[in-house]
Amino acid sequence: MTQVHSCHMEKSQYFKKIWMVRTLILLMMVGFWTSVAQAVELNPPRLDDRWFYASFGVENDAKMEELSELIQRASDSGLNGMLWACGVENYAQWDDARKTRLAKIRKTAEEKGIEIIPILWSIGYGTMINENPNLAEGLPIRDLSMMVSDGRADSVSDACELPNGSMEQWKENRLTEYAFHDQPAEISFCDTQIAHSGETSIRFENFTANPHGHGRLMKEMALTPERLYRASIWFKTENIRGNLQLQIYDQDGGSLASARPAYKPGETTDWTKVSVTFKVPKDGKIRIYAGIWGGEAGRFWLDDLSIESIGLVNPLRRDGTPMVVTDATGKALYEEGKDWVLPKFRLQPWNVNAEGLKLIIPEGSRIRDGETLLVDYYYPPLVGAPQIGTCMSEPELYERFEASARVVMEALAPKKWFLSMDEIRCAGTCQACHDRNISLAAILGDCITKQYEIIRKTDPGAEVYIWSDMLDPNHNAHGNYYVCDGDYTGVWELVPKELIISCWYHDIREKSMKFFSERGFRTQAAAYYDADTLEGCTDWLETCRKTPGCIGIMYTTWEHKYTLLEGFGKMLRE
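First, a word on what this report is: a plain description of the structure on this page. (Residues numbered from 1 in each chain as written. Predicted model: local features only at pLDDT ≥ 70, side-chain atom pairs only at ≥ 80, totals over all residues. Heavy atoms only, no water.)

### With respect to the packing of helix 2 (residues 61–76) against helix 3 (residues 96–112)
Okay, step 1: For the pair helix 2 and helix 3, interaxial distance at closest approach is 10 Å and the crossing angle is 10°. Taken together, helix 2 and helix 3 sit at an angle that is classed as roughly parallel. On the side of helix 2, the interface is formed by Asp-61, Met-64, Leu-67, Ser-68, Ile-71, Gln-72 and Ser-75, while helix 3 contributes Arg-101, Lys-104, Ile-105, Thr-108, Ala-109 and Lys-112. (Axes fitted to C-alpha atoms, helices over the stretch in contact; angles between N-to-C directions. Helix = DSSP H or I, 4+ residues; strand = E, 2+ residues; numbered from the N terminus. Parallel < 35°, antiparallel > 145°, perpendicular 65-115°, else oblique. Contact = heavy atoms within 4.5 Å.)

### Remarks on the pattern of salt bridges
Okay, step 1: All chains considered together, the criterion is met by 31 salt bridges.
Okay, step 2: A salt bridge links Arg-203 to Glu-205, with the shortest nitrogen-to-oxygen separation between them at 3.2 Å.
Okay, step 3: Owing to a relative accessible area of 14%, Arg-203 belongs among the buried residues under this scheme.
Okay, step 4: The class for Glu-205 is buried, based on a relative accessible area of 17%.
Okay, step 5: Between Arg-436 and Asp-446 there is a salt bridge; the shortest N-O distance is 2.9 Å. Residue Arg-436 is located in the loop between helix 5 (431–434) and helix 6 (440–458), and its partner Asp-446 is located in helix 6; the two are separated by 10 residues in the primary sequence.
Okay, step 6: Note on Asp-446: relative accessible area 22%, which makes it partly exposed.
Okay, step 7: Beyond isolated ion pairs, a larger network of salt bridges with shared partners links Asp-191, Arg-203, Glu-205, Glu-238 and Arg-299. (Salt bridge = Lys/Arg side-chain N within 4 Å of Asp/Glu carboxyl O. Buried < 20%, exposed > 50% of the residue type's maximum accessible area, 1.4 Å probe, protein only.)

### Notes on the sheet that holds strand 3 (residues 115–120)
Two strands in a sheet stick together by hydrogen bonds in their backbones, pointing the same way (parallel) or opposite ways (antiparallel).
Okay, step 1: The sheet built from eight strands closes into a barrel, its strands ordered 1-2-3-20-21-22-23-24 with parallel pairing. Taking each pair of neighbouring strands and ignoring which way they run, the sheet shows an average axis angle of 25°.
Okay, step 2: Where strand 1 (residues 49–54) and strand 24 (residues 550–556) come together, four bridges link them in parallel fashion. By the bridge assignment, Phe-52 is partnered in strand 24 with Tyr-555.
Okay, step 3: The sheet contacts of helix 4 (residues 395–412) involve strand 2 (81–84), strand 3 and strand 20 (416–419), and relative to strand 3 the element is tilted by about 160°. (Pairing = 2+ DSSP bridges.)

Dropping the structure here:
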């Protein structure tokens, strides 16, 4: 018995050793394949999306031929997709000739192996406003004073004193009554030879003497809070290269409005008036900037800065932007149609010089001549580029998206769609948005989710892409963004994880791609951006290599600059 027991013990130890060796081998194999998997993940990805961006359509035969040649070049360069901004969401309004040209482009792209990806529904740049201008997002104007006389109510203008707006007063080469102008006697100069009016103007040149290429003047003002104003200034240019602008900011550096003079780089233009409309913040304080940012060459002149209050301009008329008229105390509410009538007018949101409207006081109204009225209304602001945003809280918008998706399918039947949801600089400000009692992030997240669902309802197998900036806390997904009311923080948690994020800001590419990858999103790199070399694309490719879930890269040009397209394709092949 002892010998048998000893034999069993020896066998047990023997099998135990075998089990331990096998387990060790198995663990080593698991470790080996894990290392292999990690190595594969860090290897250069298969860039299945090798796209180029085109932002012109088929309005005529010349454009169609230009696009056909571009598709041929892209195909020869090894690219396989065209992100196309051609307004196809409005396909239903196109004439037959334009539809025929699109069909030819579609056929050419199919023959050359170039997939067409439509980009559409840009909330930040006024999608669907061409169909219904009242879908624009609106900023509230409060307590506009209007005086009644002879059956009409007209706005009461605020006195706007702007010291030395004529720029005639100087002291030691410095304009008086201005907060500053950049580097007097080095970049900015008193010019007594050239002026729009009077005897002097201010001239800017030698921009490279400033580390940022700045050549600007700035004036601070206090105005009536929550009222609408128009600022204007005159520009004259000579061989300018840089970004000329008139800009209005609040005291915290938030942008309220901006506009650019019409000029071509390297050419000379005569005096041109540039104007912006803007709503004054609650503290009444603003800063007016005019000049150049990123100046490289040339010179320009500024003269005759002015500011004026404006009244009932471009009032939005939808349920989410109510118009309220009361007596001077704010207690007596007057009824539209009985006490007052808004005259027929055409909404002109892009017209900074649109005239103010007068209310009509019909017979039988409770309003009397000589009475002062207070009016609240909403107007569509021009901000940023400049641009006008669309309200994300109006149900009509999504009905239009559904109809639009159907016509896009008719026109292109795409398998991939791209949401142009970037730079949404006015949002959450109207009554429709406030009545939802949700955050600005939730409003945007709901809008993107509905867009995604509409596309997937139209084509269940569709892939949906989107620009990164409004979902990226390193970029625009935060609070205090232009004239938005609320905070975009956290919106990235409120959108479908199936979205493919197209990251486009070169300077933060590492942070952006990593941020989305860590949250389970697939990504794409929107590279290039009209540089003179492909050096930036090299940076993007390195970032792509290190980013799990990166599926592609795009040659992205806003200036129709396709000189380096072949080089881009060669870089991807290598």
